Amino acid sequence: MPRTPRPRQAPLPPRPPAPRAELPARSRYRYWTRLLPALAALACVTRVPAFLQPLWNPDEGYLAVQARILADGGELYESVVDRKPPLVPWLYAGAFALFGDASLTSVRVLALLAQLLTAVLLASLARRRWGDAAGRTAGVLYLLASIGLNPEDAQAATFEVFMLAPTAAAMWCADRRRWGAAGAAVACAFLAKQTGGAVLVPVVWLLWNSAPSRSGVLRLAVGLVVPVLAVAAVTDPAGFLFWTVTGSGAYASFTGSELHVLARGLVNTAILAVACAGLIPPVVRVLRIARTGSAELWLWLGSSAAAVLAGFHFFGHYYLQVIPPLALLATAALQILPRDRLATALFTSACCCTLFLAWGVLAPRPELAHAQRVADAVAHRTAPGDRVLVWGIHPETYWLADRAPASRYLTAGLLTNYSGGRNGPQVGEKYAVAGTWPVFREEMRRRAPALIVDDSRGKPYAPDRVPSLGHLLAAEYEVVGVVDGAVLYARGAP
């Protein structure tokens, strides 16, 4: 009797290699002495546009002004306030103390080093999991994609750039079961920018999947909590809590600005998709044929995407947070796909990087030119010791003019809820951060600015929509000039 042929089983889907054992020290040394110079050279090339402009965006101006105030003995959350933790302002202040505050070159170098460190950590993570070639791939793919946004978002030395290295460090430490160091790295990421704390999600996942002991959980918790509490104690605990956590409720609302904000989100998402054209196809293709075996990387990507969505602002620099996990996921996918896919991914990423480099070199900066013209007028009409008030969203004017601000609130956003370019109806004095207007009025009484610059230029926070400022201008100031649409008011002008 003939035997019935047994049905053939479908082949199991491929998986990336399992994490490798640690290599001998000599092998590691030889690997990094070859890879580090290559990554450093690539980081320098990708950051060339950063050094071609004195400023890239208002966040850099805000940080520069904060650093000067701190150098003059000011205190965060008291002499100057922002909705951010203090790590990056302190970094700016330190760079200015060592190299001077007339240029941002020093912090641009630090930003370059931060990007290089992020690439090295990602390369180390990938190498430990999938081999030498994967380490090189992850580092290169990250640096090529790291400038894939509007240059004012990708080339500026802002919070997100300095946040990425500690987020990568948190994953690097967690991958090696160094839970105390992982917690400290998460704390550093949070202290650079609140959304950096999102990396805690994949870190906890790795802890949970490592049969956690009570000591591991305790080390992670201590490493996370102690640095945050120490920073709060060094600054002002109440001010730290308010300005970094509890005082930003209105900032997260986009009532009345839905189309404006969503359009920005779609545009920046599309720009990032172009930048990641070499990374996304391998990840999508592998999703159809196999699992990557890297749930923590997907959690990292998902928590980073949720951090981008938080607050509903969708600024381009927010999207930087998703690039490290995406680079690692692409690297994992390329371990499964045919070898020619790696060459395609690298070539596509290099072409996209070249496109964004050209954009960074050639992009016009009309808002910077405007701020420079206004700053020149402010410097011409005031003495070095005079305080001025720039009523607008360009705090860099203070830094460019080398004049001290008359208020701790460096932009009109905190006093009107014109935050993040919102153009909806909830803009005005009554929508300000709680408690700011009594403080502002007292500042104007105690140290009245020699010059007030109305740089609203038709925006919803113009003085005619802000009664307290309008009354102050009408009672004590007179128009002495108009520069590029900004109206200059002098106190007691004849």
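Residues numbered from 1 in each chain as written. Predicted model: local features only at pLDDT ≥ 70, side-chain atom pairs only at ≥ 80, totals over all residues. Heavy atoms only, no water.

The protein goes by Glycosyltransferase family 39 protein in an unreviewed UniProt entry, where it is assigned to Streptomyces himalayensis subsp. himalayensis. Within the UniProt record for the protein, the comment given under Subcellular location (unreviewed entry) is "Cell membrane". (UniProt positions renumbered as here; feature names shortened; annotations may be inferred.)

1. Observations regarding the overall build of the protein
Broken down by element type, the protein carries 21 helices and five strands. Evaluated residue by residue, the protein yields a buried proportion of 54% over its 494 residues. Of all intrachain contacts in the protein linking residues separated by at least 6 positions in sequence, the fraction that spans at least 24 positions is 77%. Accessible surface computed for the protein: about 21600 Å², of which carbon and sulfur atoms make up 64%. (Helix = DSSP H or I, 4+ residues; strand = E, 2+ residues; numbered from the N terminus. Buried < 20%, exposed > 50% of the residue type's maximum accessible area, 1.4 Å probe, protein only. Contact = heavy atoms within 4.5 Å. Areas by Shrake-Rupley, 256 points an atom, 1.4 Å probe, with all protein chains shown as cover.)

2. Details of the packing of helix α9 (residues 200-208) against helix α14 (residues 295-309)
Two elements in contact, α9 and α14, have axes separated by 8 Å at closest approach and are oriented at 160°. Judged on the interaxial angle alone, α14 and α9 are roughly antiparallel. The crossing of α9 and α14 is right-handed. In contact with V201, P202, W205 and L206 of α9, α14 contributes A295, E296, L299, W300 and S303. Each residue belonging to the contact of α9 with α14 can be placed in one class, and the counts come to seven nonpolar, one polar and one charged. (Axes fitted to C-alpha atoms, helices over the stretch in contact; angles between N-to-C directions. Parallel < 35°, antiparallel > 145°, perpendicular 65-115°, else oblique. Left-handed = near helix turned anticlockwise from the far one by under 90°. Nonpolar A, V, L, I, M, F, W, Y, C, P; charged D, E, K, R; others polar.)

3. A short note on the side chain of S294
Residue position: S294 is located in the loop between α13 (280-289) and α14. Look at S294 and you get buried, because its relative accessible area is 3%. Setting aside its immediate chain neighbours within four residues, S294 contacts R129 and W130.

4. Quick word on the pairing of strand β1 (residues 387-391)
Of all five residues that make up β1, four are buried, and the element is covered over most of its length. Taken together, the two bridges between β1 and strand β2 (residues 404-405) define a ladder with parallel strand orientation. Note that in β2 the partner of R387 across the bridge is A404. Viewed along the sheet, the connection from β1 through helix α18 (residues 396-401) into β2 turns out right-handed. (Pairing = 2+ DSSP bridges. Right-handed = clockwise from strand over helix to strand, strands pointing away.)

5. A closer look at the environment of L143
Tracing the backbone shows L143 in helix α5 (residues 132-145). Given a relative accessible area of 0%, L143 falls into the buried group. In sequence terms L143 and L116 are 27 residues apart; their C-alpha atoms lie 7.8 Å from each other. Residues within four places of L143 in sequence aside, it is in contact with L39, L42, A43, T46, Q115 and A119.

6. Re the packing of aromatic side chains
Taken as a whole, this structure holds 11 aromatic pairs when the rule is applied. Centroid distance Y92 to F96: 6.0 Å. Interplanar angle 70°. Geometry classified as edge-to-face. Of the two residues, Y92 and F96 both sit in helix α3 (residues 87-99), four residues apart, roughly one turn of that helix. Accessibility classification places Y92 together with F96 in one group, the buried group. Ring centres 6.5 Å apart and planes at 70° place the aromatic pair W391 and Y461 in the edge-to-face group. One end of the pair, W391, is in strand β1; the other, Y461, is in the loop between β3 (451-454) and α21 (467-476), and 70 residues separate them in sequence. The two residues W391 and Y461 agree in class, both being buried. (Phe/Tyr/Trp six-rings, centres within 6.5 Å; stacked < 30°, edge-to-face > 60°.)

7. Some details on the environment of A134
Relative to the helices and strands, A134 resides in helix α5. Among the residues examined, A134 registers a relative accessible area of 1% and is labelled buried. Spatially, the C-alpha atoms of A134 and S124 are 9.2 Å apart, while their sequence positions differ by 10 residues.

8. Notes on unusual backbone geometry
One non-glycine residue with positive phi stands out, namely R177, at about 60°. Mapping R177 onto the fold places it in the loop between α7 (159-175) and α8 (179-192). A residue is classified by how much of its surface remains accessible, and R177, at 39% relative accessible area, is partly exposed. Notably, F314 is not glycine yet its phi reads approximately 60°, a positive angle. Along the chain, the position of F314 falls in the loop between α14 and α15 (323-334).

9. Overview of the UniProt feature "transmembrane region" (unreviewed entry) in the protein
Mapped onto this structure's residue numbering, the UniProt feature "transmembrane region" (unreviewed entry) falls at residues 107-126, 220-245, 266-285, 297-315 and 344-363. As a span, residues 297-315 carries 68% helix and 0% strand, and end to end its C-alpha atoms are 23 Å apart. Summarising residues 344-363: 95% helix, 0% strand, and an end-to-end C-alpha distance of 28 Å.

10. What to know about the sheet that holds β3
Taken in spatial order, the five strands make up an open sheet running β2-β1-β3-β5-β4, and their pairing is mixed. Of all the strands in the sheet, the pair left with one neighbour each is β2 and β4 (477-483). Relative to strand β5 (residues 486-491), β3 runs antiparallel, the two sharing four bridges. By the bridge assignment for β5, D454 is matched with V487.

11. Points about the pattern of salt bridges
Overall, the coordinates contain 19 salt bridges when judged by the stated rule. The salt bridge partner of E367 is R457, with a shortest N-O separation of 3.2 Å. Remark: R457 occurs in the loop between β3 and α21 and E367 occurs in helix α17 (residues 366-381); sequence separation between them is 90 residues. Of the charged contacts, one joins R445 and E442 as a salt bridge, the two residues approaching to 2.5 Å between their closest N and O atoms. Placement of the pair is R445 and E442 together in helix α20 (residues 436-446), with a separation of three residues, close to one helical turn. A residue is classified by how much of its surface remains accessible, and R445, at 59% relative accessible area, is exposed. Sharing partners across several salt bridges, the network here consists of E78, R408, E443 and R447. (Salt bridge = Lys/Arg side-chain N within 4 Å of Asp/Glu carboxyl O.)

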